Amino acid sequence: MNREEYDLVILGNGTGGTLAAWTFAGQGQRVAVIERQYVGGSCPNIACLPSKNIIHSAKVASYLRRSEEFGIAKQDFTVDMRVVRERKRRMVSGWNRVYLDNNKKTGVEFIFGSGRFIGPKTVEVKLPDGTTRQLSATNIIVNTGTRAALEAIPGLADARPLTHLEALELDELPEHLLVIGGGYIGLELAQAFRRFGSKVTLIDRNDRLLHREDEDVTEALHSLLEAEGIDVVLKTQIKQVSGKSGESVRIVVDKNKGGMDETLEGSHILVAAGRTPNTQGIGLELAGAELTDRGYIKVNERLETTAPGIWAIGEAAGSPQFTHVSADDFRVVYASITGGKRVTAGRQIPFCLFTDPEFARIGLSEKAAMEQGMAYRLFKIPMEAVMRATTLSETRGFLKALVETDRDRILGFSAVGVGAGEMMTSVQIAMNAGLPYTALRDTILTHPTLVEGLLPLFSSAPSIPQSADKEAGSNITNGALKAASNLGPTVSPKAEDTVDGGISLQKKERKL
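Presented here is a report on the structure given in the accompanying data block.

1. So, the overall build of the chain
For step 1, the next point in the chain: The number of helices and strands found in the chain is 16 helices and 23 strands.
For step 2, the next point in the chain: The C-alpha radius of gyration of the chain comes to 25 Å, within 12% of the 24 Å expected for a compact globule of 512 residues.
For step 3, the next point in the chain: Referenced to the eigenvectors of the C-alpha coordinate spread, the extents of the chain come out at roughly 75 × 55 × 50 Å.
For step 4, the next point in the chain: Every one of the 512 residues in the chain was classed for burial, and the buried ones make up 52%.
For step 5, the next point in the chain: Of the contacts formed within the chain by residues at least 6 apart in sequence, a portion of 64% connects residues at least 24 apart.
For step 6, the next point in the chain: Of the roughly 23300 Å² of accessible surface on the chain, a fraction of 49% belongs to carbon and sulfur atoms.
For step 7, the next point in the chain: Averaging the positions of the 60 positive and the 62 negative side-chain charges in the chain gives two centres separated by 2 Å.

2. Considerations on the pattern of salt bridges
For step 1, the next point in the chain: Per the stated rule, a full pass over the model turns up 33 salt bridges.
For step 2, the next point in the chain: Residue Glu228 pairs with Arg195 through a salt bridge whose shortest N-O separation is 2.8 Å. Of the two residues, Glu228 sits in the loop between helix H7 (215-227) and strand S10 (231-233) while Arg195 sits in helix H6 (residues 184-196), which places them 33 residues apart along the sequence. By the burial criterion, Glu228 is buried, and Arg195 matches it.
For step 3, the next point in the chain: As a salt-bridge pair, Glu265 and Arg250 come within 2.8 Å of each other at their nearest N and O atoms. In this pair, Glu265 is assigned in strand S13 (residues 261-266) and Arg250 in strand S12 (residues 248-255), connecting sequence segments 15 residues apart.
For step 4, the next point in the chain: Overall, Glu265 belongs to the partly exposed group, its relative accessible area being 48%.

3. Section: the nonpolar core
Among soluble globular proteins, nonpolar side chains are generally buried collectively.
For step 1, the next point in the chain: Core analysis: the biggest nonpolar cluster contains 35 residues, and Phe193, Leu202 and Phe359 have the highest contact counts within it.
For step 2, the next point in the chain: Among the secondary structure elements, those contributing two or more residues to this core are helix H3 (48-65), helix H4 (81-106), strand S8 (176-180), H6, strand S9 (199-203), H7 and strand S17 (351-353).
For step 3, the next point in the chain: If one sorts the elements of this core by residue count, H6 sits on top with 6 residues.
For step 4, the next point in the chain: Residue contacts for Phe193: discarding those within four places in its chain leaves Met81, Ala167, Leu170, Leu173, Pro174, Leu177, Ser198 and Val200.

4. Description of the sheet that holds S13
For step 1, the next point in the chain: Read across the open sheet, the 3 strands follow the order S11-S12-S13; overall the sheet is antiparallel. Lying at the two open borders of the sheet, with one neighbouring strand each, are strand S11 (236-244) and S13. Strand-to-strand twist of the sheet, defined as the mean angle between neighbouring strand axes without regard to direction, takes the value 20 degrees.

5. Remarks on helix H9 (residues 323-338)
Three or four residues apart is the spacing at which side chains of an α-helix point the same way, because the helix has 3.6 residues per turn.
For step 1, the next point in the chain: Along its 16 residues, H9 runs 23 Å from first to last C-alpha, staying within 8% of the 22 Å computed at 1.5 Å per residue.
For step 2, the next point in the chain: Those residues of H9 that fall on the buried side of the exposure criterion are Val325, Ser326, Ala327, Asp328, Asp329, Phe330, Val332, Val333, Ala335 and Ser336.
For step 3, the next point in the chain: Check the buried side of H9 and you find it contacts helix H1 (15-26), strand S6 (132-142) and strand S16 (310-312).
For step 4, the next point in the chain: Downstream of H9 by a residue or two, Gly339 has a phi angle that is positive, lying close to 95 degrees.

6. Some remarks on the side chain of Ser51
For step 1, the next point in the chain: By the element assignment, Ser51 lies in helix H3.
For step 2, the next point in the chain: Classification of Ser51 by relative accessible area gives buried; the value is 9%.
For step 3, the next point in the chain: If we skip the residues at most four places from it in the chain, Ser51 touches Leu168 and Glu188.

7. Concerning the sheet that holds S10
For step 1, the next point in the chain: Reading across from one edge, S10-S9-S8-S14 is the order of the 4 strands in this open sheet, with parallel pairing throughout. The sheet is open, and its two edges are formed by S10 and strand S14 (268-271), each paired on a single side. Strand-to-strand, the axes of this sheet are offset by a mean angle of 20 degrees, without reference to chain direction.
For step 2, the next point in the chain: Here 4 bridges tie S8 to S14, and the two strands are oriented parallel to one another.

8. Some details on a nonpolar patch on the surface
For step 1, the next point in the chain: A cluster of nonpolar side chains, contributed by Tyr63, Phe70 and Ile72, occupies part of the molecular surface with about 270 Å² of accessible area.
For step 2, the next point in the chain: By the secondary structure assignment, Ile72 is in the loop between H3 and H4.

9. So, the packing of H3 against H4
For step 1, the next point in the chain: Their axes nearest at 9 Å, the elements H3 and H4 cross at an angle of 145 degrees. H3 and H4 meet at a crossing whose hand is right-handed. Judged by residue contacts, Leu49, Pro50, Asn53, Ile54, His56 and Ser57 of H3 engage Val84, Arg87, Lys88, Met91, Val92 and Trp95 from H4.
For step 2, the next point in the chain: Here the residues of the contact of H3 with H4 are counted per class, giving 7 nonpolar, 3 polar and 2 charged.

10. Considerations on the packing of aromatic side chains
For step 1, the next point in the chain: Tallying each qualifying case throughout the model produces 13 aromatic pairs.
For step 2, the next point in the chain: Seen from their ring centres, Phe351 and Phe359 are 5.9 Å apart, and the 70 degrees between their planes marks the pair as edge-to-face. Phe359 shares its class with Phe351; the two are buried.
For step 3, the next point in the chain: A centroid spacing of 5.0 Å and a plane angle of 45 degrees characterise the contact between Phe379 and Tyr437, whose relative ring orientation is tilted.

Quick notes on the rules
Residues numbered from 1 in each chain as written. Predicted model: local features only at pLDDT ≥ 70, side-chain atom pairs only at ≥ 80, totals over all residues. Heavy atoms only, no water. Helix = DSSP H or I, 4+ residues; strand = E, 2+ residues; numbered from the N terminus. Rg over C-alpha atoms; globule rule 2.2 N^0.38 Å. Buried < 20%, exposed > 50% of the residue type's maximum accessible area, 1.4 Å probe, protein only. Contact = heavy atoms within 4.5 Å. Areas by Shrake-Rupley, 256 points an atom, 1.4 Å probe, with all protein chains shown as cover. Lys, Arg positive; Asp, Glu negative; His and termini not counted. Charge placed at Lys NZ, Arg CZ, Asp CG, Glu CD. Salt bridge = Lys/Arg side-chain N within 4 Å of Asp/Glu carboxyl O. Core = buried A, V, L, I, M, F, W, Y, C linked by side-chain atoms within 4.5 Å. Pairing = 2+ DSSP bridges. Axes fitted to C-alpha atoms, helices over the stretch in contact; angles between N-to-C directions. Expected span 1.5 Å × (residues − 1). Patch = residues over 30% accessible without salt bridge, like charges linked within 9 Å, V, L, I, M, F, W, Y side chains within 5 Å. Left-handed = near helix turned anticlockwise from the far one by under 90°. Nonpolar A, V, L, I, M, F, W, Y, C, P; charged D, E, K, R; others polar. Phe/Tyr/Trp six-rings, centres within 6.5 Å; stacked < 30°, edge-to-face > 60°.

Structure, rendered in structure tokens:
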């Protein structure tokens, strides 16, 4: 078979690979992208954008249920999941056209098919008509992503559970959705389907939702879900599953991992308990590219695999599972190929959970700061102190920031609240620029906006947590404490709103 020669071949059309294709092809290189299913990869088709589209439809439903709060007479309504799905599909089709148009404009050759390595820097592609092609390239980027993990729980596979792919394609509303996993996908879709009208039970093996985050964050999210009528079952081991998702299902669980067994019944199961890399069956061993013990492609800080000229980016390479990280992985590989020095080490990665309200964080959490023995000043206010939030009747949550005790450098920012992701971005830019927190405090920000909430946050009187004080020891001087207490006026939340320094979401309870 004739081998076709390229400057760059990309296996998988995720975000980082897409940017690489457009960039190198736009510079005159011969580039081929091999993709077996989705134009543009997961993000615009089955993940980020479609899920946020569905979540927004659910938010509209929640506003209808709250209409009397805004002076609008409440009326009965129904949710037609076929229409919800069609709105999402229209958006996906629009983005598919954009990606295909850019491929054409930049000169990228887009090949639908399944690719696998058959040797160093050589890929064989099986086309839909059964024929094959062989492509060799100076550089090859592997960008095959991950898929939903299915645990080896007796009966789970036979129950044919939903993953996020099938959940986003439902044309009927589940009567009772059992969600396995309290991570990003589980929390977002649990809330969305509850707002559409499903009964929802969320099951997680850990003792807290998002258990790696600070306790005030997890408590706020837990209270939020329970206030919307979601049954949250924590510290639970699933022992067995029976039935068929979409008909009737039963999950036998061991609560508290050692207590009495209990059976949970529902109509559908959604599995959202982790991801598995798509690295098997693509011939990486024939290319000389090794895997880690967890099945991800082994890379260095330049994202180069153990095989010269072969690079790996995104989730398949073990990068944090966010589209914006995949985009930055492209920048690292581009620098590596073109002689630059960009690396993955030391990257500051933001993230946002798109529940309503959102949770967003950049930099250190309090938990991480304490584990590292770092002293910090804690600035924290409830969302009720953000004027724009009060105009929206969206005052659930809080803002908080960690600032060094002996300098004014921002160490981290967390927010549970409306527009949390947008507010975080302003803090992130300041952090990346090396600006002190006072630069944000003293900036003229448009009123009334959500980002303006950074002014009362950084003007509030900070505290120094006792554990951080103890860890820092002599680094915290009386002078530093005095300076910290004089940074600005205190924004005092109402007493009934504060729970462990946060804001109680319980009293904001909203029944469906």
